[in-house]
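Structure assessment
Residues per chain, in single letters:
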Amino acid sequence: MQQRIRLILILLSVQLPLLTTAQGLMDGFMKGDRKASLAVTYSQETYDTYYRGTTPFRDPNLGTVTTQAINLYGVYGLGYDLDLIVSAPYIRTEASAGYQPKQEGFQDVTAALRWEAFDYKFGNSRLSWLFALGYTMPIQNYVNDNILALGQGSKNIDGRTMLHYKSGGFFLTGQAGYIRRGPVTLDRIVNVYDPSQVNPNSGMKVNVPDVTEFIVRTGYATKRVYVDVWGQQQTPYAAGTDIGPGIPFPTNAIGFRRVGGTLFLRLVGRLGLNFGYSTTLEGQNIGKSTRLSGGIIIGN
Amino acid sequence: MTYTTMVRNLCLTLLLAGAGLTGCKENTISEGVLPYFEPATNDADGGTWRTVLLSSAATITVSAPTAITSDAYQTELTSVKNGLLTSTPAQNTAVNYWGQGGVVRWNQIARQLVAKYNTAPIFNDATGQYLATDPNAPVASLPFATRLYALLGAAQYDALVVAWRAKYQYNRPSLNRQGLVTRVPVADVPSYPSEGAAIAETSAQILTYFFPNEAEYIRAKATEHKQSQLWGGINVASDVKAGETLAASVAAVALTRARTDRFSTATDSWTSLKARAPYDVTWQSLEIPARVPVVPLAGRVKTWFDSTTVARLAPAAPPATSSTAFQTALAEVRNTADSRTRDQWATADYWNDGQATYTIAGHWNLIAEQLLQEDRQNELRAARTYALLNRALHDVTTVGWQAKYTYFVPRPSQLDPQIKTSVLIPNSPAYVSDHASQSAAANTILTYLFPVETTWLKKQSDAAIISTLYAGTQYRFSIDAGTQLGTNVGTLATNWAKADGAK
């Protein structure tokens, strides 16, 4: 029994905090061979202004939209240079005004492989180059065509590359990614007026625009404390629509610029606490939201 | 392609190659493809069918065409032949587009315009007021849309009955019979006057009346439609001219009716009606801030079928809010909303037909489109289908609106704010259900016209009828009364059709 506990503790020995999907699924820190960690975080995100296209808009019939999420996030080192990352959030969204029902349920499960392809050492410093490939799919058939939708409902492939520099406690990570979003089927036939369409009886299947993503993150990381600040920019790559009457929500071109920060403190042994904050500076067809999160991390 | 774009695309291609993907361009919304067909019947007796707006087809005289042996005709024919040899890709696209059916295309255009103008007034955050609507950009609410679809259908149908009468009266042979091969399949009917031109001119005049701001777009469409008859080798210039002329006469009759059908006063004040409402709790707008209903007096608009008979079909008074019957109905809405399944949500969403859609009537026009294409209906028969369906849907709306603004029954959420709706709550009183009345009427008529599809149509209308209960916007008694009203008006329409001369 003692041995087993020790084995689990070895598997879960804490090294770094975990970052949930809200600011990109992954950071530049490799987990290490056969090391693992698991995080449970709670987050709350609110907005009372959303962007129609890029124009901020407030709807008195919607009031303030609140999204609460419990996210389960795990990393396991398949090898010294290969990690498996899995994430699955349970989400609840509700509006403070109007008569729209709150929506609640599992959103999308994501599995990703992160590969440290190269690393260079210069004295005390280290520069690594990483690649990652992820796949996301909805856990259940949630409503996707609604302002309070849990998600877009698409199956996505996420390819990204990262440059990660570390010198002592200081680190700097830059990453660039492309998220390929698959088509989704709506509950309804689209009736929107679009003279460029030869056949006006559009179907129920619509495309979700792909996006590109850039994240820069810097901070200070030791065994006991981790702190960072980051900036994230998502830009629609494929053509998309703007929020408007009758326009399907999944076809909207979504983009945003967000900044945030993370603080991690190791309490005892392999147990740590994680806090996060982020805010939206500007956006496109998305809520101008502010997010607070907190979580427990077990592992190495 | 700039250098940076090239590099970006190359990078993306490499990045995604592992997953078997490339960053190619995608359509935002996928589209279906309509089939081409040669109409199943020619309806040589179509000129004798009972007209709607005109007392008979004979009231409009179509002048005799020149003989096909005449120089004038031969010049026209040569011009069409030469045109076929030198046709441009743009012309071919137009021929293909209109080749799928003029009546169907104009119905689609009408639906698109309805969807475009089917919007809520814009709220100005700064002033706390709704912006006034431009009279040239009217709100295409359900009463507006049904009136438009009905008038369009009736005018197209009458124009085609007149055209068919002249076709078989003068018997100018079709171009296919004179050795030409049309670019798209057409009905084997005499070519004079052109049915395409008749549809184009009627539709353009009717739609411009409803949407003055779209005049230019509509005119361009009509011109292209008429020209496509020449480009496709379907008609010569004098066929088109004759079709256009007869259509203008029919459209004039239709527009006279439109100007005197009392719709112009349907937006007048409704507060006195509300004060008189024989109901214990009256409807209030649930919008923030409250919004006035769009056309509260649409119940006064002139009906297409006999007004006395239609008025007799008005639903009985709804149960008072204090009654057990009402409380049971309200509790059912609450329970359904609280335990709404994903499937129920999907049904409610499919039949939402709210803002920026064709409206519920337009949704049934879309369904009719599929059926008449499967049935390979010629232009005249397609127009008859739409005219019949839409006149009934209009009259159903008229009676339904009368009930709405007599009783002012509140929406369920007004009485129980805990009732959350999966669609936006329509800004009109509840009783009777538009979805139930429209769908029951459409089902009755389409089942009569397309008996093969009885089972499928029943399934569609059942889903449409119950969708508002799933959405949380309607009571069962409202749905039942709507279904009854729709079935009765539908029967009235099918009885008309049984005696209209079409077999």
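What comes next is a walk through the structure. Quantities reported herein were computed from a predicted structural model and do not represent experimental measurements.

Moving on, we come to the packing of aromatic side chains. Pairs of aromatic rings are described using the distance from one ring centre to the other and the angle between the two planes. All names here are of chain B. Counted under the stated rule, the structure contains 29 aromatic pairs over all chains. Aromatic side chains Tyr 117 and Phe 211 sit 4.8 Å apart centroid to centroid with 25° between the ring planes, which places their arrangement in the stacked category. Residue Tyr 117 is located in helix α4 (residues 102-117), and its partner Phe 211 is located in the loop between α6 (195-210) and α7 (215-231); the two are separated by 94 residues in the primary sequence. Accessibility classification places Tyr 117 together with Phe 211 in one group, the buried group. Centroid distance Phe 144 to Phe 263: 6.3 Å. Interplanar angle 65°. Geometry classified as edge-to-face. A residue pair is termed long-range when its members are at least 10 positions apart, and Phe 144 in helix α5 (residues 142-170) and Phe 263 in the loop between α8 (237-259) and α9 (271-276) qualify at 119 residues. As far as burial versus exposure is concerned, Phe 144 and Phe 263 are alike and both buried. Among the aromatic residues, those joined into a cluster by ring pairs are Tyr 117, Phe 144, Tyr 209, Phe 210, Phe 211 and Phe 263. Seen from the ring of Trp 49, Arg 384 lies directly overhead, with NZ or CZ sitting 5.9 Å from the centre. Above the ring of Trp 496, the side-chain terminus of Arg 391 is found at 4.2 Å from the ring centroid.

It is a general feature of regular strands that their side chains alternate between the two faces of the sheet. All names here are of chain A. Relative to strand β9 (residues 156-167), strand β8 (residues 125-138) runs antiparallel, the two sharing twelve bridges. Counterpart to Leu 130 in the pairing with β9 is Met 162. The pairing of β9 with strand β10 (residues 170-181) spans twelve bridges and is antiparallel. Counterpart to Ile 157 in the pairing with β10 is Arg 180. Counted between consecutive antiparallel strands, the loop separating β9 from β10 contains two residues, among which Gly 168 sits at a positive phi close to 65°.

A word on the side chain of Thr 447 of chain B. Residue and element names in this part refer to chain B. Within the fold, Thr 447 resides in helix α16 (residues 434-449). Of note is the side chain of Thr 447, whose polar atom sits 2.5 Å from the backbone oxygen of Asn 443. Apart from the residues within four sequence positions on either side, Thr 447 is in contact with Ala 442, Thr 454 and Leu 457.

Moving on, we come to the pattern of salt bridges. Per the counting criterion, the structure on display carries 34 salt bridges over all chains. A salt bridge links Glu 45 of chain A to Arg 291 of chain A; the shortest N-O distance between them is 3.8 Å. With a gap of 246 residues between them, Glu 45 of chain A in strand β1 (residues 36-47) and Arg 291 of chain A in strand β17 (residues 290-299) connect regions that are remote in the sequence. We note that Glu 45 of chain A, like Arg 291 of chain A, is buried. For Lys 226 of chain B, the salt bridge goes to Glu 244 of chain B, with nearest N and O atoms at 2.7 Å. Here Lys 226 of chain B is found in helix α7, whereas its partner Glu 244 of chain B is found in helix α8, with 18 residues between them in sequence. A relative accessible area of 11% means that Lys 226 of chain B is categorised as buried.

Time to look at the pairing of strand β7 (residues 108-122) of chain A. All names here are of chain A. Examined bridge by bridge, strand β5 (residues 82-95) and β7 share six bridges and lie antiparallel to one another. Bridging from a neighbouring strand, Val 86 pairs with Ala 111 of β7. Bridge analysis of β7 against β8 gives 14 bridges, and the strand direction is antiparallel. The residue bridging Tyr 120 from the neighbouring strand is Leu 127, located in β8.

Definitions and limits used
- Residues numbered from 1 in each chain as written.
- Chains lettered and ligands numbered in written order.
- Predicted model: local features only at pLDDT ≥ 70, side-chain atom pairs only at ≥ 80, totals over all residues.
- Heavy atoms only, no water.
- Phe/Tyr/Trp six-rings, centres within 6.5 Å; stacked < 30°, edge-to-face > 60°.
- Helix = DSSP H or I, 4+ residues; strand = E, 2+ residues; numbered from the N terminus.
- Buried < 20%, exposed > 50% of the residue type's maximum accessible area, 1.4 Å probe, protein only.
- Lys NZ or Arg CZ within 6 Å of the ring centre and 35° of its normal.
- Pairing = 2+ DSSP bridges.
- Polar contact = N/O pair within 3.5 Å; in protein donor to acceptor, adjacent residues only side chain to side chain.
- Contact = heavy atoms within 4.5 Å.
- Salt bridge = Lys/Arg side-chain N within 4 Å of Asp/Glu carboxyl O.

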